[in-house]
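# Close look at the chain arrangement
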Amino acid sequence: MLKLTSEFFKAYYGEYPSDYNITYLHYNLELITTDEKEYKNIENDLKKIKAYNPNLFKIYISDSKVLEAFKKHTNILDLYLEDIYVRINKEEDLELLEQLKTKPKKIIIDYEDLWKYDKNKLKEYLIILELDTVNELSIDQLKELQKVISIHQIMVGQICYLSNYFREYLDRVAQKFMLDKNDFLRIEKQAVISNDMYTIQEYESIYNELQYLVKDIVTSDTDYNRFKKVYDRIINRIQYDMAGIKHTKLESQNLLGGLLYQTCVCEGFAKILMQALSLVNVKSIVVGGGGIKEEGGHIWNQVCIDGNWYNADAAFDSIQIHKNDPMKMCLVSDDKLYYKTDYPIAKKCEATYEEIKMTL
């Protein structure tokens, strides 16, 4: 069992972190302290985390000044240079990065912010381009963009992993980066990254498969009809990866498993549904929480239909459909759902779609 010693990592992963958290979530090394012992403990914890899963190991830093502090007090730039991902929020971040003799090459830039930067300065870096939804970037747009900058990977669909347990942390990050405290997704991008990073080839495959899922769906149709066609196609085409519950595979957690291999776990279903709905102009978010299942948490969607929010659990309904049982978790209220969310991003779903429809 992995044991962590730094106060920084214990605050997020816990002293004995779960396999999921340590493998898939990479917290921003936001700490600047004068405590040399804490820096040493962080360095030792990073060594343990890398040994635990070297293929998915990442060090995430969203502040260049913090990067300078870690360079001064630790050896992480020498030890893990290829594993460091630095978020760029403003031109000054690039300037600080350029001043380092030994500097990380992998930088994360939100697609919306890309045009703020001097493209000549970006050319020396490997860019991880972050999108909320794939409808922001078509394959044709991507190819044009590649003519200008070097895109190393594309990170798609950053979702709110942080529950209300992290409220103090979220407030601190919001204050540090001068963000609206209610803009939880923007705050989370500063706070944590996941392994939802894809090569250019993988992104093209994902985009094409999502386009296949939404083929023949027209935006002039109703919100409900657009949603229901996508939902039905996903739950019929993709099966729940039962083996993935205990033996978690990265592709089952992200967009690859369900779209390319037709099998994934709840997180994969939720991410696929959100991305597919973005292509047909139906708003959705991904939330999570605990519930009646003894083995822990769950991930699902909340969907906006005609201005009202509903829960939609595609993973649950896929299992139902593949057993020839009826759907139970399509556009339902919070009290009908087996799980309860404590995510700050979550909406209140006060009635089922059928209940709302009866009142119209």
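For the structure given in this document, a descriptive report is provided here. Here the structure is a predicted model, which is why all the values come from computation and not from measurement. Each chain carries its own residue numbering, running from 1 in the direction its sequence is written. Whole-chain, interface and lining totals are the exception, using all residues; otherwise, since this is a predicted model, local features are given only for residues with pLDDT of at least 70 and side-chain atom pairs are given and counted only at 80 or more. The side-chain figures draw on all heavy atoms in the structure; neither hydrogens nor water molecules are used.

### A word on the side chain of R226
Test applied: Each helix corresponds to a stretch of at least 4 residues labelled H or I by DSSP, and each strand to a stretch of at least 2 residues labelled E; elements are numbered beginning at the N terminus. Pairing of N or O atoms within 3.5 Å defines a polar contact, subject to two protein rules: one partner must be a possible hydrogen donor and the other a possible acceptor, and residues neighboring in sequence count only if both atoms are side-chain atoms.
Within the secondary structure, R226 sits in helix α12 (residues 223-237). For R226, the side chain forms a polar contact with the main-chain oxygen of D221, separated by 2.5 Å.

### Description of the pairing of strand β4 (residues 106-110)
Here is the rule we go by: The cut-offs for exposure are 20% and 50% of the maximum accessible area for each residue type, with area from a 1.4 Å probe on protein chains only; residues under the lower value are buried, those over the upper are exposed, and the others partly exposed. The rule for pairing is simple: two strands pair if DSSP sees at least two bridges between them.
Across the five residues that make up β4, a large majority, five, are buried. What you see with β4 is no split at all: K106, I108 and D110 on one side and I107 and I109 on the other are buried throughout. By the bridge criterion, three bridges tie strand β3 (residues 84-87) to β4 in an arrangement that is parallel. When the sheet's bridge partners are listed, Y85 is paired in β4 with K106.

### Notes on helix α6 (residues 91-98)
Our working definition: Here the arc refers to the directions that run from the helix axis out to each C-beta atom. Any two residues having at least one pair of non-hydrogen atoms within 4.5 Å are treated as being in contact.
Every buried residue of α6 is accounted for by D93, L94, L96 and L97. Projected down its long axis, α6 carries its buried residues within an arc of 165 degrees, all on one side. Elements in contact with the buried residues of α6: α4 (64-73), β3, β4 and α7 (119-122).

### A closer look at the pattern of salt bridges
Quick reminder of the rule: Put simply, a salt bridge is a Lys or Arg side-chain nitrogen that is within 4 Å of an Asp or Glu carboxyl oxygen.
Counted under the stated rule, the structure contains 26 salt bridges. A salt bridge links K121 to E91, with the shortest nitrogen-to-oxygen separation between them at 3.4 Å. Placement of K121 in helix α7 and of E91 in helix α6 is noted, with a sequence separation of 30 residues between them. Shared partners join several salt bridges into a network, and the residues in it are D110, D113, K116, D132, R186 and K189.

### Observations regarding the pairing of strand β6 (residues 151-156)
On a regular strand, one side chain projects to one face of the sheet and the next to the other, so that they alternate. Rules: A crossover counts as right-handed when, viewed with the strands pointing away from the observer, the path leading from the first strand over the helix to the second turns clockwise.
The buried fraction of β6 amounts to five of the six residues, a majority that puts the element mostly inside the structure. Handedness of the β-α-β unit built from strand β5 (residues 126-131), helix α8 (residues 139-146) and β6 comes out right-handed. Summarising the sheet, β6 and strand β8 (residues 197-198) pair through two bridges and their orientation is antiparallel. Residue pairing across strands places I154 opposite Y198, the latter belonging to β8.

### A few points about the nonpolar core
Our working definition: For our purposes a nonpolar core is just a set of buried Ala, Val, Leu, Ile, Met, Phe, Trp, Tyr and Cys residues, chained together by side-chain atoms within 4.5 Å.
One finds Y203 and F227 to be the most contacted residues of the largest nonpolar core, which totals 118 residues. When residues of this core are assigned to their parent elements, the largest contribution, nine residues, is made by helix α15 (residues 266-279). Apart from the residues lying within four places of it in its own chain, the contact partners of Y203 are L131, V134, L137, I139, L142, I154, V156 and Y198. Within the second largest apolar cluster, seven residues are counted, among which are Y85, I128, M155 and M197.

### A word on the packing of α12 against α15
Going by this rule: Orientation is described by axes fitted as lines to C-alpha atoms, over the contacting stretch for helices, and by angles from 0 to 180 degrees between their N-to-C directions. Here a crossing is called left-handed whenever its near helix is offset anticlockwise from the far helix by less than a right angle, and right-handed whenever the offset is clockwise. Polarity classes work like this: nonpolar for Ala, Val, Leu, Ile, Met, Phe, Trp, Tyr, Cys and Pro, charged for Asp, Glu, Lys and Arg, and polar for all others, with Gly in that last group.
For the pair α12 and α15, interaxial distance at closest approach is 10 Å and the crossing angle is 145 degrees. In this structure, α12 crosses over α15, and the sense of that crossing is right-handed. In this structure, α12 uses F227, V230, Y231 and I234 to contact α15, whose residues at the interface are F269, I272, L273, A276 and L277. Its residues assigned to classes, the contact of α12 with α15 comprises nine nonpolar, no polar and no charged.

### Some points on the state of the cysteines
In a disulfide, the sulfur atoms of two cysteines are held together by a covalent bond. Let me state the cut-off plainly: By convention in this document, the label disulfide applies to cysteine sulfur atom pairs within 2.5 Å.
Taken as a whole, this structure holds zero disulfides when the rule is applied. No disulfide involves C266; its sulfur sits 8.7 Å from that of C264, the nearest cysteine. The class of C266 is buried, set by a relative accessible area of 11%. In this model C330 remains outside any disulfide bridge; the closest cysteine sulfur is found in C349, 12 Å from its own. Given a relative accessible area of 17%, C330 falls into the buried group.

### So, the environment of L277
Relative to the helices and strands, L277 is located in helix α15. Judged by its relative accessible area of 0%, L277 falls in the buried class. The spatial distance from the C-alpha of L277 to the C-alpha of Y231 is 8.7 Å, given a sequence separation of 46 residues.

### Some details on unusual backbone geometry
In this structure, Q262 takes a positive phi of about 60 degrees despite not being glycine. Among the structural elements, Q262 can be located in the loop between α14 (255-261) and β10 (263-264). With a phi angle near 65 degrees, N281 is a residue other than glycine that sits in the positive phi range. Among the secondary structure elements, N281 is positioned in the loop between α15 and β11 (284-291).

From the geometry alone we can't say anything about function, so treat these as descriptive.
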